[in-house]
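# A look at the structure
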Amino acid sequence: MTTSSHLRAPAFDPTLLALGEEVSEALAHGRPVVALESSVLSGFPHPDNLELAREMDAGIRAQGAVPARIALLSGKLRVGLDDALLQEFCAYGKVPKVSTRDIGVTLAAGGPGGTTVSSSLLAAELAGIRVFAVAGIGGVHRDAPASFDISTDLVQFTRARTAVVCAGAKSMLHPQWTLEWLETAGIPVIGYRCDDFPAYLSVSSGVRNPHRLDDLADIARATWAHWRSGNDTSVLVTHPIAEDDGIPSQEITDALAEATERAAREGITGPAVTPYLLKAIAEATEGRTADANVSVLKSTTALAAEFAVHLAKEEQR
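These lines cover the structure that appears in this document, whether it is placed above or below. Quick caveat, the model's predicted, so the values are computed rather than measured. (Residues numbered from 1 in each chain as written. Predicted model: local features only at pLDDT ≥ 70, side-chain atom pairs only at ≥ 80, totals over all residues. Heavy atoms only, no water.)

### Let's talk about the overall build of the protein
- Looking only at helices and strands, the protein has 12 helices and 11 strands in total.
- For the protein, whose C-alpha radius of gyration is 19 Å, the value lies close to the compact-globule estimate of 20 Å for 317 residues.
- Based on the C-alpha atoms only, the size of the protein along its principal axes is roughly 50 × 45 × 45 Å.
- Evaluated residue by residue, the protein yields a buried proportion of 50% over its 317 residues.
- In the protein, once contacts between residues fewer than 6 apart in sequence are set aside, the share between residues at least 24 apart is 74%.
- Total accessible area computed for the protein in this model is approximately 14700 Å², and 52% of it derives from carbon and sulfur atoms.
- Both charge centroids of the protein, one from 27 positive and one from 39 negative side chains, sit 5 Å from each other. (Helix = DSSP H or I, 4+ residues; strand = E, 2+ residues; numbered from the N terminus. Rg over C-alpha atoms; globule rule 2.2 N^0.38 Å. Buried < 20%, exposed > 50% of the residue type's maximum accessible area, 1.4 Å probe, protein only. Contact = heavy atoms within 4.5 Å. Areas by Shrake-Rupley, 256 points an atom, 1.4 Å probe, with all protein chains shown as cover. Lys, Arg positive; Asp, Glu negative; His and termini not counted. Charge placed at Lys NZ, Arg CZ, Asp CG, Glu CD.)

Written out as structure tokens, the structure reads:
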């Protein structure tokens, strides 16, 4: 007869988690750390991706925090890549994007994998990192009523006590539905010095943030109050791309409408939809999305580092 102990899920195996020396030391001494995904680096050719990663890391260090880029390498979930590992990862060029669903398969195969928001949050939670930076989160797709296409990112926000600093949701998503999903899940969304929920490459999605606070120290207090009151979800801190670097939202909306119809005609579905639409937006805006993407990646990581310093101070109160 099978006992109940045989039915329990296996415990987390700590040998699968490898912390970089700098990250491990920072966490041990209570220094601010910012977790980063790695899948975004696959969208840039080598060595441009390496240069971008180093610039993002430098921006974090300039604010007094430690960068902790997360990736799957050699059968390990690595949190914090030293320069040698960063060079190794970037040299692969295109690597599979790994969400929480794909971690086991990728680890077992030992192959490289670029972590998305969801898998990065899982690793950050396991490592004890409280701040994660990403340019744009996943959310509810515009065709969700028919496709049921809702990002794993949203589900992972319900499982991770991590503050997510972002420039809103990715451009091809439905901002209102995404915010409705977040509200249902009890996930706070706080605009830092912005009334509107940003749209990744555009300053505004046209939808209001549920909350606005203009001081990072106030957001840090609100974040810890959320967790200390018994909530186990993430807290989203939104701040838009610089206006001079952003792309008008109407341009993206028009490009999306055309690309979405074309994707349906061509039978593009599932995970293939997002890269298809992003490519279409890039073509419609004559490549301006590439510069906008770099801009928002750098600004968001620097802001996350500044916020991590405030959050670390608040934790010690």
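### Topic: the side chain of S118
- Checked against the element boundaries, S118 lands in helix 5 (residues 117-127).
- Take S118: its relative accessible area is 0%, and that puts it in the buried class.
- Separated by 3.3 Å, the side chain of S118 and the backbone nitrogen of T100 make a polar contact.
- A distance of 3.4 Å separates polar atoms of two side chains, one belonging to S118 and the other to T116.
- Leave out the neighbours within four places in its chain, and S118 touches S99, T100, T152, D153 and Q156. (Polar contact = N/O pair within 3.5 Å; in protein donor to acceptor, adjacent residues only side chain to side chain.)

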